[in-house]
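# Tertiary structure, described
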Amino acid sequence: MPVSSVTLASGQEMPLVGFGLWKVPAEKAADIVYNAIKVGYRLFDGAYDYQNEKEAGQGVMRAISEGIVKREEIFITTKLWNNYHRKDHALQMAKAQNEAWGLGYLDLYLIHFPVALEYIDPETLRYPAWWMDAEHKTIRSAKVPMHETWQALEEVVDAGIAKSIGISNAQAQTLYDIQTYARHPISALQIEHHPYLVQPDLITLAQEKNIAVTAYSTFGPQSFLELPPAFRERAKDVPPLFEVKAVKAAAARTAKSPAQVLLRWATQRNIAVIPKSNNVDRLKQNLEVTDFDLTEQELKEISALDVGLRFNDPGFYLDEPLRIFA
Ligand code: NAD
C-alpha cells in the first residue's frame, strides 16, 4: 500500500510516514534502513547529529541496487547541526552530508535547531555531540544570524545538493522572520508534537503558510526514557501515552494499537510522522497509520491531554540552559 504524501512548497512530494534514525547505531543502520525499505518505508529522517548518515545511505543503496526501489522513490531528510550555521560551514556540511549519504542529492535539508554554536571541527565532534564543545564541557554560542544560515541553505538548493529546505525546533517568530527574506520557501517545519505538547497555534501558522509539519517524538515520553538522567527527568513520572484512557479507547474502537492511534492523531491532521523502531512488527504497524480514521471527538480528546510538556528542551536539560523555547 503506497503511503500518503504531502506536497511541499518546493513542489516536492513528501511521504506522510517515515522512519526516524535518531539513536539507530551506525553499525546497524544499513541493515535497518534496507529492511525498512523492504517493509515499505520511503522516507528516512536523519541528521548529522545522529552520526549514521553514511551507513543509512548504504542501506538505501543496497535496496536500489537490488531493484527494490529507485532513488526518486526515496525521500531523504537530514539536518545541519548547530555548530555549522556560518555560511561557509553550512555549505561544507551540506556537501559532506550529501556525500556521506551517497545518493546524489538530499530531498530535504533542515536547520536542526534555531541556535548557532561556535564551530567545532567535525573531525573532533563526538557523538552524542549535542551542545557541548569537543571536551563536552561548555556551550559557546556563535554570532551567526538566522538569515545567514537560511541563505546558505538556499545556496544548497541552488547547487542541486538539496531539493527542499526547512527548519526544525523553530517557533512562530523565526518562521515569520525567515519569510521576510526567503528566496526559497520554508518547505517543512519539524517539531516535537505529541498529546502532551500539541502547540496548536504553531501548527495552524505553519499550515496557513504552506509549511509542511513533521511531528517528532509522537510517543511523547517513550523516547526520552532511553536517555541520560537530565533528558529522562521530565519523562520518568508521566503516564505513558500508550496507556492513557483517550488513546486506549480509540485503539479499542478502531482495533489498532495505541501507537497507531497516536501516529494517526497526527497524520489525520496532515502532519507527517517519523517513528523509530527496531522491531519488525512495530515497523510494519507504524507504517499503517493513514488508512483508518479517528472520530473528531477522539482527535479532540487526545489533544485535550495537552499540558505543554516539552521533553527535548535544551533550556531544561543543559547545565548552561539555552532557553530557545521561552
Ligand atoms: P518516537 O516517538 O518515535 O519513539 C521511539 C520509541 O518508541 C522507541 O523506544 C521505540 O522502541 C518505541 N516504539 C516505536 N514504535 C512503537 C510501537 N509501535 N509500539 C510501542 N513502542 C514503539 O521517538 P523519537 O525517536 O524521539 O522520534 C522519532 C524521530 O524523530 C527520531 O528518530 C528522529 O529522526 C526525529 N527527531 C528529531 C528531533 C529534532 O530535533 N528534529 C528530535 C527528536 C527526534
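Residues numbered from 1 in each chain as written. Predicted model: local features only at pLDDT ≥ 70, side-chain atom pairs only at ≥ 80, totals over all residues. Heavy atoms only, no water.

Labelled according to an unreviewed UniProt entry, the protein chain appears under the name D-xylose reductase [NAD(P)H], originating from Cyphellophora europaea. Taken from UniProt, the Pathway (unreviewed entry) comment for the protein chain reads in full: "Carbohydrate metabolism; D-xylose degradation." (UniProt positions renumbered as here; feature names shortened; annotations may be inferred.)

### Things to note about the UniProt feature "site: Lowers pKa of active site Tyr" (unreviewed entry) in the protein chain
The feature "site: Lowers pKa of active site Tyr" (unreviewed entry), as annotated in UniProt, sits at K79 in this numbering. Position of K79 among the secondary structure elements: in strand β5 (residues 75-80). Among the residues examined, K79 registers a relative accessible area of 0% and is labelled buried. Sequence-distant contacts of K79, defined by excluding residues within four places in its chain, comprise D45, G46, A47, Y48, Y50, Q97, Y109, L110, H112 and Q190. Within polar-contact distance, the side chain of K79 engages the backbone oxygen of G46 at 2.9 Å. (Helix = DSSP H or I, 4+ residues; strand = E, 2+ residues; numbered from the N terminus. Buried < 20%, exposed > 50% of the residue type's maximum accessible area, 1.4 Å probe, protein only. Contact = heavy atoms within 4.5 Å. Polar contact = N/O pair within 3.5 Å; in protein donor to acceptor, adjacent residues only side chain to side chain.)

### With respect to unusual backbone geometry
The backbone phi angle of K23 is positive, close to 70°, even though this residue is not glycine. Along the chain, K23 turns up in the loop between β3 (19-20) and α1 (26-39). Phi at N270 takes a positive value of approximately 65°, unusual for a residue other than glycine. With respect to the element layout, N270 can be found in the loop between α9 (258-267) and β10 (272-273).

### Remarks on the site of the ligand
Near the ligand there are 28 residues, and of these D45, S168, S217, S223 and E226 occur at the shortest range. In this structure, S217 approaches the ligand through a side-chain N or O atom, which is 2.8 Å from an oxygen atom. At 2.3 Å from an oxygen atom of the ligand is found a side-chain nitrogen or oxygen belonging to E226. Compared with its free state, where it exposes 840 Å², the ligand has 93% of that area covered by protein. For the shell around the ligand, the element with the highest residue contribution is helix α10 (residues 280-287), accounting for three residues. Looking at side-chain class alone, the shell around the ligand contains ten nonpolar, 13 polar and five charged residues. (Near = heavy atom within 4 Å. Areas by Shrake-Rupley, 256 points an atom, 1.4 Å probe, with all protein chains shown as cover. Nonpolar A, V, L, I, M, F, W, Y, C, P; charged D, E, K, R; others polar.)

### Thoughts on the UniProt feature "binding site: substrate" (unreviewed entry) in the protein chain
As recorded in UniProt, the feature "binding site: substrate" (unreviewed entry) lies at H112. Discounting residues that sit within four places of it in the chain, H112 has contacts with A47, D49, Y50, K79, L80, W81, N82, S168 and N169.

### Examining the sheet that holds strand β6 (residues 106-111)
Sheet architecture is open: eight strands sit in the order β3-β4-β5-β6-β7-β8-β9-β10, paired in parallel fashion. The outermost strands of the open sheet, each flanked by one partner alone, are β3 and β10. One ladder, built from five bridges, connects strand β8 (residues 188-192) with strand β9 (residues 212-216); its direction is parallel. Paired with I191 across the strands is A215, a residue of β9. (Pairing = 2+ DSSP bridges.)

### Considering helix α8 (residues 245-254)
Here α8 has its buried residues at A246, V247, A250, A251 and T254. Taken end-on, α8 shows its buried residues confined to a sector of 130°, consistent with a single buried face. Exposed and facing more than 90 degrees away from the buried side of α8 are K245 and A252. Those residues of α8 that are buried are in contact with α9 and α11 (296-303). One or two residues past the end of α8 sits A255, with phi positive at roughly 60°. (Arc of directions from axis to C-beta.)

### Comments concerning the pattern of salt bridges
Think of it this way: side chains of opposite charge can pair up when their charged atoms draw near. Scanning all chains against the criterion turns up twelve salt bridges. Here D45 and K79 are joined by a salt bridge, their closest N and O atoms 2.7 Å apart. Taken together, the residues span a long stretch of sequence, with D45 in strand β4 (residues 43-45) and K79 in strand β5 at a distance of 34 residues. Notably, a salt bridge pairs E298 with R253, separated by 2.5 Å at the nearest N-O pair. Of this pair, E298 sits in helix α11 while R253 is found in helix α8, placing the two residues 45 residues apart along the sequence. Taking the relative accessible area as the measure of exposure, E298 reaches 11% and is therefore buried. According to the relative accessible area criterion, R253 is partly exposed, its value standing at 45%. (Salt bridge = Lys/Arg side-chain N within 4 Å of Asp/Glu carboxyl O.)

### Digging into the nonpolar core
One recurring pattern in soluble globular proteins is that nonpolar side chains are buried together. Ranked by size, the top nonpolar core spans 108 residues in total, and within it F44, Y109 and W131 carry the most contacts. Excluding residues within four positions of it along the chain, F44 makes contact with F19, L21, V33, A36, I37, I74, F75, I76 and T77. (Core = buried A, V, L, I, M, F, W, Y, C linked by side-chain atoms within 4.5 Å.)

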